[in-house]
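Below, each chain spelled out in residue letters.
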Amino acid sequence: MIDFILRPIRRNFGRNKLYYRAIDDMFGFIPNNIELYKLALIHKSASIDIDGEHINNERLEFLGDAVIESITSDYLFIEYPHYDEGKLTKLRSKLVSRQSLNAIACELGLNKHIICSHSISATQKHLFGDAFEAMMGAIYLDQGYNFANRLLINNIYSKRISLEEVDETETDFKSRLIEWGQKNHHTVVFRTKANADNNSRNFRCTILIDNLEVGHGIGSSKKEAEQRAAQSVSHEPSDEACARLLDRIDKMER
């Protein structure tokens, strides 16, 4: 009853009406403490300085990450009673990956409301997923764990994600490439270096198979750069591709 009365008032009147409207449109409810959600939208690149302290969404992101992982673990434990720990861990990792959370944030329209510096590069687009984590942290503090649990499972996972598709999707390209190298007796090396681009720190990875460069990737973390580089190789090389690779190596050594 209270929500029925407050929804039109907060959506249409007051200085925070745009924030109330955004949260209601994305998540389907009117917040109690709107300041938490406003904070969740502030990326560290646009931090607000108050008495020498940088105010941004990083602390909420930290909390939201734990909330999402906890809810997801509980959800998968119930949905897949026959999965062992390894399979559950792998599936959870896919659901809470940056790629997955970025996609969720964009589907919700959260990416349109994030406050960040215009100098953010393309390699830092994980900030959408980070903001989603911060939002879940805000929801937990504002509405409680049970509410956050129902919202994530019923309104987001159930409506926007196919567990079967996620389960079948390959996301750990680095491990797959390493396994391929071990199986086929090839040396796979990930050469990763940090560099600065437009005043922001990122990483560049080069993959070498038997000392020949075959893939590159850039990311905001070493792990992300290596996964992208491995993904650029994209598939287990066929016998024909291996033959061409070894032929190129032979010519280089002559």
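My aim in this report is to walk through the structure given alongside it, one point at a time. (Residues numbered from 1 in each chain as written. Predicted model: local features only at pLDDT ≥ 70, side-chain atom pairs only at ≥ 80, totals over all residues. Heavy atoms only, no water.)

**As for the nonpolar core**
Here is the rule we go by: In this description, a nonpolar core means a group of buried Ala, Val, Leu, Ile, Met, Phe, Trp, Tyr and Cys residues linked to one another through side-chain atoms lying within 4.5 Å. Buried, partly exposed and exposed residues are distinguished by accessible area as a fraction of the type maximum, computed with a 1.4 Å probe on protein chains only: under 20%, between the cut-offs, and over 50%, respectively. Secondary structure elements are taken from DSSP: a helix is a run of H or I of four residues or more, a strand is a run of E of two residues or more, and numbering for both begins at the N terminus. The criterion used for residue contact is that any of the two residues' heavy atoms lie within 4.5 Å.
F27, Y37, F132, I156 and Y157 are the most contacted members of the largest nonpolar core, which totals 47 residues. Considering each element in turn, this core owes the most residues, 9 residues, to helix α7 (residues 127–143). Those residues within four positions of F27 in sequence are excluded, and the remaining contacts are L108, F132, M135, I139, L151, N155 and I156. If you look at the next biggest cluster of nonpolar residues, it comprises 12 residues, including F173, W180, F190 and A230.

**As for a nonpolar patch on the surface**
Inclusion rule: What makes a patch is a set of residues exposed beyond 30% relative accessible area and free of salt bridges, joined within 9 Å when like-charged and within 5 Å when nonpolar (Val, Leu, Ile, Met, Phe, Trp, Tyr). For the accessible areas, the method is Shrake-Rupley and the probe is 1.4 Å, while residue cover comes only from the protein chains on display. Any carboxyl oxygen of Asp or Glu within 4 Å of a side-chain nitrogen of Lys or Arg constitutes a salt bridge here.
On the surface, I5, I9 and F13 cluster together into a nonpolar patch covering about 320 Å² of accessible area. If you trace the backbone, I9 turns up in helix α1 (residues 2–12).

**What to know about the pattern of salt bridges**
Scanning the entire structure with this criterion turns up 8 salt bridges. Between K44 and E58 there is a salt bridge, with the nearest N and O atoms lying 3.8 Å from each other. Of this pair, K44 sits in the loop between α3 (34–40) and β1 (48–50) while E58 sits in helix α4 (residues 58–79), and the two are 14 residues apart along the sequence. Given the relative accessible area of 48%, K44 is considered partly exposed. For E58, a relative accessible area of 39% gives the class partly exposed. The partner of R98 in a salt bridge is E133, and the shortest N-O contact between them spans 3.2 Å. In this pair, R98 sits in helix α6 (residues 98–108) while E133 sits in helix α7, placing the two residues 35 residues apart along the sequence. Of the residues examined, R98 reaches a relative accessible area of 31% and is grouped as partly exposed. One connected set of salt bridges, linked through shared partners, spans E61, R98, D130 and E133.

**Let's talk about the packing of α6 against helix α8 (residues 145–160)**
Quick note on the threshold: Think of each axis as a best-fit line through the C-alpha atoms, taken over the contacting stretch in the case of a helix, with angles from 0 to 180 degrees between the N-to-C directions. Any angle that is under 35 degrees is reported as roughly parallel, and any over 145 degrees as roughly antiparallel; angles of 65 to 115 degrees are reported as roughly perpendicular and all others as oblique. Amino acid classes used here: Ala, Val, Leu, Ile, Met, Phe, Trp, Tyr, Cys and Pro are nonpolar; Asp, Glu, Lys and Arg are charged; the rest, including Gly, are polar.
Taken N-terminus to C-terminus, the directions of α6 and α8 make an angle of 105°; their axes are 12 Å apart at the nearest point. Judged on the interaxial angle alone, α8 and α6 are roughly perpendicular. For the pair α6 and α8, the contacting residues are I104, E107 and L108 in the first and I156, Y157 and R160 in the second. Broken down by class, the residue content of the contact of α6 with α8 amounts to 4 nonpolar, no polar and 2 charged.

Limitation: the analysis is restricted to geometry and does not speak to function.
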